[in-house]
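A closer look at the structure
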Amino acid sequence: MTVTGSALRPSPAPRSADEERRLAAVDRYQILDTPPDGTFDKGAALAARIFRTPAAAITTADGYHLGTVNVLDTHPRQVTAEQLAALQNLAALVMDQLEMRLSAIRTVTSERQMRTAAERLARTLQRTLLPPALPQVPGLRAAAAYHAASADEVGGDFYDLFPLDDGRWAFFLGDVCGRGAEAAALTSLTRYTLRAAAIYGPDPCAVLANLDTVLKGEYPGTDPRHCTAVFGVLGRTEDSSFTLTLAGGGHPPASAVRADGTIQPLPVTGGQLIGLLPEPRFTQTSTHLAPGDALLLYTDGLTEARTPSGPMRQEEGLAAHLAAGTWDDADDLVAGIRRLLDHLGTGVNDDTALLALSVPIHPPAPAQETR
Amino acid sequence: MSNQTLTVTTSPHPVGAYVLTVTGELDHHTSPRLREALDEIALATGTGLVIDVSGLTYCDSTGITLLVTAYQRAQATGALLTLAGSSPDLLHLFRIVGLDQIFTLQPTTEQAIAALHS
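Residues numbered from 1 in each chain as written. Chains lettered and ligands numbered in written order. Predicted model: local features only at pLDDT ≥ 70, side-chain atom pairs only at ≥ 80, totals over all residues.

Rules: UniProt positions are given in the numbering used here, feature names are shortened, and annotations may be inferred rather than shown by experiment.
An unreviewed UniProt entry annotates chain B as Anti-sigma factor antagonist originating from Streptomyces microflavus. Recorded in UniProt for chain B, the comment headed Sequence similarities (unreviewed entry) runs: "Belongs to the anti-sigma-factor antagonist family."

1. Observations regarding the overall build of chain A
Applicable threshold: Segments assigned H or I by DSSP are reported as helices when at least four residues long, segments assigned E as strands when at least two residues long, and all are numbered from the N terminus. With C-beta atoms placed from the backbone, the exposure class of a residue follows from how many other C-beta atoms lie within 10 Å of its own: 20 or more, buried; 12 or fewer, exposed; in between, partly exposed. By definition, residue pairs are in contact when their C-beta atoms, positioned from the backbone, come within 7 Å.
Within chain A one finds eight helices and 13 strands. Counting every position in chain A, which comprises 371 residues, the buried fraction comes to 37%. Considering only contacts in chain A between residues 6 or more positions apart, those separated by 24 or more positions represent 67%.

2. Quick word on the overall build of chain B
In plain terms, the rule: Only the C-alpha atoms count toward the radius of gyration. The rule for a globule is 2.2 Å times the residue count to the power 0.38.
Broken down by element type, chain B carries four helices and five strands. Sequence-ordered secondary structure for chain B, helices as α and strands as β, is β-β-α-β-α-β-α-β-α. For a compact globule of 118 residues, the expected C-alpha radius of gyration is about 13 Å, and chain B comes in at 13 Å, within 12% of that figure. Within the span of chain B, comprising 118 residues, buried residues form 47% of the whole. Long-range pairs, those at least 24 residues apart, make up 73% of the contacts in chain B with a sequence separation of at least 6.

3. A closer look at the sheet that holds strand β13 (residues 352-358) of chain A
Residues and elements named next belong to chain A. What counts is decided by this rule: Between any two strands, pairing holds if DSSP finds at least two bridges. Axis geometry follows a simple rule: fit a line to the C-alpha atoms, using only the stretch in contact for helices, then measure angles between N-to-C directions, giving values from 0 to 180 degrees.
A sheet is described by the order of its strands in space; here five strands give the open sequence β3-β13-β11-β8-β9, paired in antiparallel fashion. Of all the strands in the sheet, just β3 (141-147) and β9 (263-266) have a single pairing partner and so form its edges. Geometrically, the sheet is characterised by an average inter-axis angle of 20 degrees between neighbouring strands, direction not taken into account. Both β3 and β13 contribute to a ladder of seven bridges, which runs antiparallel.

4. Considerations on the UniProt feature "domain: STAS" (unreviewed entry) in chain B
Sites flagged by UniProt as "domain: STAS" (unreviewed entry) map to residues 16-116 of chain B. For residues 16-116 of chain B, helix accounts for 43% and strand for 30%, while the C-alpha atoms at its two ends are 10 Å apart.

5. Some points on the nonpolar core
How we decide: Only buried Ala, Val, Leu, Ile, Met, Phe, Trp, Tyr and Cys residues enter a nonpolar core, and they are joined through C-beta atoms within 7 Å.
With 103 residues, the main nonpolar core has A:L333 and A:A356 as its most contacted residues. Per-element tally for this core: the top contributor is strand β3 (residues 48-59) of chain B, with seven residues. With residues near it in sequence (within four places) discarded, A:L333 still touches A:A143, A:V257, A:A294, A:L296, A:W327, A:A356 and A:S358. Counting residues in hydrophobic clusters, the runner-up holds ten residues, among them A:F40, A:L87, A:L90 and A:A91.

6. Brief notes about the sheet that holds strand β4 (residues 157-163) of chain A
Residue and element names in this part refer to chain A. Read across the sheet, five strands follow the order β4-β5-β6-β7-β10 without closing on themselves; strand pairing throughout is antiparallel. Here the strands that pair on one side only, and so sit at the sheet edges, are β4 and β10 (283-289). The average undirected angle you get between the axes of adjacent strands in this sheet is 15 degrees. Of the strand pairs in this sheet, strand β6 (residues 227-236) and strand β7 (residues 242-249) are connected by eight bridges, and their pairing is antiparallel.

7. A look at the packing of helix α1 (residues 31-39) of chain B against helix α2 (residues 61-77) of chain B
Residue and element names in this part refer to chain B. Stated precisely, the cut-off is as follows: If an angle is under 35 degrees, it is roughly parallel; if it is over 145, roughly antiparallel; if it lies from 65 to 115, roughly perpendicular; otherwise it is oblique. Residues are grouped as follows: Ala, Val, Leu, Ile, Met, Phe, Trp, Tyr, Cys and Pro are nonpolar; Asp, Glu, Lys and Arg are charged; all remaining types, including Gly, are polar.
Axis separation between α1 and α2 bottoms out at 10 Å; the angle between their running directions is 10 degrees. With respect to their mutual orientation, α1 and α2 come out roughly parallel. Contact residues: α1 offers S31, L34, R35 and L38, while α2 offers T62, G63, L66 and A70. Taken together, the residues that form the contact of α1 with α2 break down as four nonpolar, three polar and one charged.

8. Re helix α3 (residues 88-96) of chain B
All names here are of chain B. Worth spelling out the cut-off: Here the arc refers to the directions that run from the helix axis out to each C-beta atom.
Taken as a whole, α3 has its buried residues at D89, L90, L93, F94 and I96. Around the axis of α3, the buried residues are gathered within 160 degrees of arc, so they sit on the same side. Phi turns positive, to about 80 degrees, at G98, one or two residues after α3.

9. Considering the environment of A:A206
Turning to its location among the elements, A:A206 is positioned in helix α6 (residues 204-218). Along the chain, A:A206 and A:A247 lie 41 residues apart, while their C-alpha atoms are 9.2 Å from each other.

Here it is in structure tokens:
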């Protein structure tokens, strides 16, 4: 037996003001059109036992007159005062049950609302952690993208591109451990530390070491937080090429996409996680980006190993994807990788940040603005 | 990835080392299980601890943090922690994050135990 709409809501009859109030109370308790509830069944069985009747319909009762607790029998008879008292107690029990249900429903609803609000806040915070637009670098094209794997959980991928005091440009891309609001806070700390450290001394390994010190200071003891990152410095040469110095801390290699289509990984092998180890090593490598060359940095669930379709295969898939295509510039590269990510669909189980830099074959007009 | 499929069993090895066998996915959701199992082991100077990761199919950054924390705790007490049976994917991950230079790795638990007593 259930509490049903038909029992509580006499639909076609005209409604009095009292009836409107009663229906409002019924709605408030969210008891209409709900699935069968075992508690009401037990109450009905108990009523049937007390009255030795073949049937007991419970439609609830209380001060608001939500409904009534009814006992039915197949032949007319009198009930004792004792039995009536028991029926009242039973109605009170049913009411208690309704109150408890309502309180549980309210708790769950408010918890859900709080969680949704927290997730929205974390997503907003994360958006503020990425540059709204990349600056225009003279003689270079830059493009970036952020691919969120899940709408509910916020990852902690980050990137940035900014000028140094000496006319060179610095960039970084990385991934912090964890998810949600805590990851967003860690991302914020990481990003501003990297920018500040780069202004003081742009040696890529020194910048990563600086971040390592800051993370350990901020998260000491038993709850360490870490990140992985690639940090690079670009200097323009007279022949419109760029020199590139790149340091890595626990991050997958960046890829150089050469003008002739060759894909050259730029390994910073041996570089370790940032913020977790007592004396981490960071390694750096240098190369040239000539006109027609591009550099691609990415995060892709890099701190995950998963079989049988793990990021290792994804990494190989990425290399194959890069080798199979022809890429005009940074924008084209980022668009291509986004297509690959869309194609992989739910196989991508972590957020992915992309940053591509390319040197145009024909230098752009000289009056390009810097920001 | 978050369907809570991680089992951790601890068994004292006859020659005096603890062997923790970790099977399934080690991530944000499941790592408390391994942390609890690790916390229950009393480490002392010379204690051998082998984490058999051959059944690990997935490991995220939280899992990495936990393994590094376990390694550091073992070091601080003079215990010897070995990771045994890393899959090629897991080894690849350790290389990228530079932990292959930190962890003591062995192909199997038996080899790890033998190395502890050599």
